[in-house]
Amino acid sequence: MADHLEASVTLPSDPASVSAARAHAVGALAGWGLPPDAELCDTVRLIVSELATNAVQHTFGQSPTFTVDVVLVREERVHIGVTDSHPRFPKRLPAAVQQDNGRGLVIIRWLTAECGGRLRIRPTREGGKTVAVELPWPGAAPGRPAETVIAAAPQEP
């Protein structure tokens, strides 16, 4: 297998695109030999679902599309990134027990840490942001401990 495999799709910022984002990510993993019932597929499916939902719901019409990138590096790590053109970084919200939303980033952080991965949020050159998760590929040697990195967020007016 190649040292570096990539799969990318740009979708409209529409709720119907969330399922297409999930299918894209899981399809890429399957194409790289990961069985669809593997635990990593379930984790990636949930992470992509949460990130795509955030890109659709929280860009307030300022990002007409979002891009989902899935990258496999040397069968050691898989990177999942969701990029939109809205400049505001996600904020961690206190999630009340009865609240129907607002827990996506908490779920993503928990899943990432549980897998021994990393979460990064960084600005794009175009003024948007990418929320990226790096997870170990099944069978890869253990790597760095889990961490969360949030790059300097643009200041709100």
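Residues numbered from 1 in each chain as written. Predicted model: local features only at pLDDT ≥ 70, side-chain atom pairs only at ≥ 80, totals over all residues. Heavy atoms only, no water.

## Some words on the nonpolar core
The condition that has to hold: Residues enter a nonpolar core if they are buried and are Ala, Val, Leu, Ile, Met, Phe, Trp, Tyr or Cys, with the set joined through side-chain atoms within 4.5 Å. Burial classes: relative accessible area under 20% of the type maximum marks a residue as buried, over 50% as exposed, and values in between as partly exposed (1.4 Å probe, protein chains only). Segments assigned H or I by DSSP are reported as helices when at least four residues long, segments assigned E as strands when at least two residues long, and all are numbered from the N terminus.
Counting 38 residues, the largest nonpolar core has L29, W32 and F66 as its most contacted members. Mapped onto this core, the elements with two or more residues apiece are β1 (4-12), α1 (17-31), α2 (39-57), β2 (65-73), β3 (77-84), α3 (104-115), β4 (118-123) and β5 (129-136). Residue contributions to this core peak at 9 residues, all from α2.

## Some remarks on the side chain of H24
With respect to the helices, strands and loops of the structure, H24 is situated in helix α1. Look at H24 and you get buried, because its relative accessible area is 17%.

## Side note on the pairing of β4
Note the following rule: Between any two strands, pairing holds if DSSP finds at least two bridges.
As judged from the 6 bridges shared by β4 and β5, these two strands associate in the antiparallel manner. Along β5, the bridge assignment pairs R118 with E134. The turn joining β4 and β5, which pair antiparallel and follow one another in sequence, is formed by 5 residues; a positive phi near 100° is taken by G127.

## Quick word on the packing of α1 against α2
A pair of packed helices is captured by two measures, namely the crossing angle of their axes and the spacing between those axes. For clarity, the threshold we go by: The angle between two axes is taken between their N-to-C directions and runs from 0 to 180 degrees, where each axis is a line fitted to C-alpha atoms and a helix contributes only its stretch in contact. In this scheme the handedness of a crossing depends on how the near helix is turned from the far one: anticlockwise by less than a right angle means left-handed, clockwise means right-handed. Any two residues having at least one pair of non-hydrogen atoms within 4.5 Å are treated as being in contact.
It is the contact of α1 with α2, at a shortest axis distance of 8 Å, that shows an interaxial angle of 145°. As α1 packs across α2, the resulting crossing turns out to be right-handed. Where α1 approaches α2, its residues V18, A21, R22, A25, V26 and L29 are matched on the opposing element by C41, V44, R45, V48, S49, A52, T53 and V56.

## Examining α1
Formally: Helix span, as expected, comes to 1.5 Å for every residue beyond the first.
Taking 1.5 Å as the rise per residue, α1 with 15 residues should run 21 Å; its terminal C-alpha atoms sit 21 Å apart, in good agreement. Close packing links the buried residues of α1 with β1, α2, β2 and β3. At the C-terminal side of α1, G33 shows a positive phi close to 100°.

## Things to note about α3
Over its 12 residues, α3 runs 17 Å from end to end, which matches the ideal 16 Å to within 8%, given 1.5 Å per residue. Positive phi appears at G116, one or two residues downstream of α3, with a value of about 80°.

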